[in-house]
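# Analysis of the macromolecular model
Here is what each chain is made of, one letter per residue.
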Amino acid sequence: MAIARRVEFVPYRPKTILNKGKRADHWFWARYSAYPYKGCMHGCEFCYCREEKYYPYDDADLAVRDDFAYRIQVKENAPELLRRALGRVPVDLVMTGDYQPAERKFQVSRKMLQVCCELGFPVSVLERSPLVLRDLDLLRQINERTTAVVFFSIIYTPDSAHRATLRKLERLAPPPEKRFAAMEQLAKAGILTGTCMMPILPALCDDDANLQSVVRWTAEHGGSFVIAAGLTLADQQREYFFGVLRQRLPALLERYRDLYPEGSYGPVKGNWRETALRLRELCERYGISDRMPRPTIPGDKRALNKRVVEALANQVYAMELDSAPGQRIWAYRKAAWAIEDTPQDLGLIYRTMGRKGLESIENVGPKMAQVVEDLLSAAPILRQAQEPASSEWWPP
Ligand code: SF4
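The paragraphs below set out a description of the structure included in this document.

Criteria and cut-off values
Residues numbered from 1 in each chain as written. Predicted model: local features only at pLDDT ≥ 70, side-chain atom pairs only at ≥ 80, totals over all residues. Heavy atoms only, no water. Patch = residues over 30% accessible without salt bridge, like charges linked within 9 Å, V, L, I, M, F, W, Y side chains within 5 Å. Areas by Shrake-Rupley, 256 points an atom, 1.4 Å probe, with all protein chains shown as cover. Salt bridge = Lys/Arg side-chain N within 4 Å of Asp/Glu carboxyl O. Buried < 20%, exposed > 50% of the residue type's maximum accessible area, 1.4 Å probe, protein only. Helix = DSSP H or I, 4+ residues; strand = E, 2+ residues; numbered from the N terminus. Expected span 1.5 Å × (residues − 1). Contact = heavy atoms within 4.5 Å. Near = heavy atom within 4 Å. Nonpolar A, V, L, I, M, F, W, Y, C, P; charged D, E, K, R; others polar. Pairing = 2+ DSSP bridges. Axes fitted to C-alpha atoms, helices over the stretch in contact; angles between N-to-C directions.

Once that is clear, we can look at a nonpolar patch on the surface. A cluster of nonpolar residues, Y48, Y54 and Y265, forms a patch on the protein surface that exposes about 320 Å² of accessible area. Here Y54 falls in the partly exposed class, since its relative accessible area comes to 40%.

Written out as structure tokens, the structure is:
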């Protein structure tokens, strides 16, 4: 179990900073990520970063010291590394920023945003702290030049029945009402914002009243979406979390042991689909989405490809919620990847070669070419020569 201790800041000079995905992921739409610190002073007890494969320390006795929350490595050279790395890759969305309390002192996130701004890269920031508002000037500039998205990790609201328990599990993170207030400021500044409800903790966050409250607070504070996923527990992270429950929330221990037996990763009981479908229904009711809209990059020659990928990915998610056959889901997913990887503008391919052109894209094939053609036919952009897509045209 963690003992209270002073936070130690350790200067650190990594050799690389930019993580490059083969393509954008279908949740956050980021192709790149780059972060300024290792470890996190917010110290959320459920944090997946304590899992062995993500854990940034070799020598920590996690259960005793919890270095993750108290020994923060500051990547001093992150801005220079980022500048060099972004100079060599195509422009696409960069997930960056970390506004834990260390940022007040070191301002590495700010310097990294400055680099993205100067080089014209769109950014996406996922936060548990309103400190991100300190850099609203830069975020506005990025948003004027290309795109900025700032969204917040929020799993409950002040109205939630289990807020006192959940507060204990988020330790040093600012309370959710402050994050919602920051969301409102960002929305007023015209920056795409919303909620990342991850992880939905069983027996604490998955009751209907809490789901509804998070969606309502998001909509009322200018958020455009709530995306959600359940809790995963693995190896040392599982042991750490169970240690926290044993000490501070013993009434929950048996329930979680039952849900997450040794060797499991996700919960072995309960129905995630039901929770996700309920969230979908609530989002519709409050006029927001349960998917993050894919940010557009002005002047992007492949804007149409990206819109089509977004629509296919949304259909994949809808099919997963409907328990559609796996083969069908895979066909959509592979077509989305293939179109993401296609260097030519999809509109040009379709205008010059018709359906045959779509079929010729590897992993699309005749059936998916029909699906893509239907999507394209609904796209006014095809009637507007080569203009970049706006976010308005896509059918719901
Ligand atoms: S804010 Fe995020 S990274 Fe930091 S401890 Fe909490 S879950 Fe982990």
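On we go.
Turning our eyes to something else, we now look at helix 9 (residues 208–220). An ideal rise of 1.5 Å per residue puts 18 Å on 13 residues; helix 9 measures up with 18 Å between its terminal C-alpha atoms. The complete set of buried residues in helix 9 reads N210, L211, S213, V214, V215, W217 and T218. Contact partners of the buried residues in helix 9: helix 8 (176–188), strand 9 (192–200), strand 10 (226–230) and helix 12 (272–285). Count one or two residues on from helix 9 and you reach G222, which has phi positive near 85 degrees.

Around the ligand, the neighbouring residues are C40, H42, G43, C44, C47, F68 and R128. Of the residues in the shell around the ligand, the class split is four nonpolar, two polar and one charged.

Turning next to the sheet that holds strand 3 (residues 32–34). Pairing between sheet strands relies on hydrogen bonds along the backbone, with the strands arranged either parallel or antiparallel. The seven strands are arranged 2-3-6-7-8-9-10 in an open sheet whose pairing can be described as mixed. What marks the edges here is a single partner per strand, and that holds for strand 2 (19–20) and strand 10. One ladder, built from three bridges, connects strand 3 with strand 6 (residues 94–96); its direction is parallel. In the sheet register, S33 faces strand 6, and the bridge partner there is M95. Here helix 6 (residues 136–145) sits on the sheet in contact with strand 7 (123–127) and strand 8 (148–153), set at roughly 130 degrees to strand 8.

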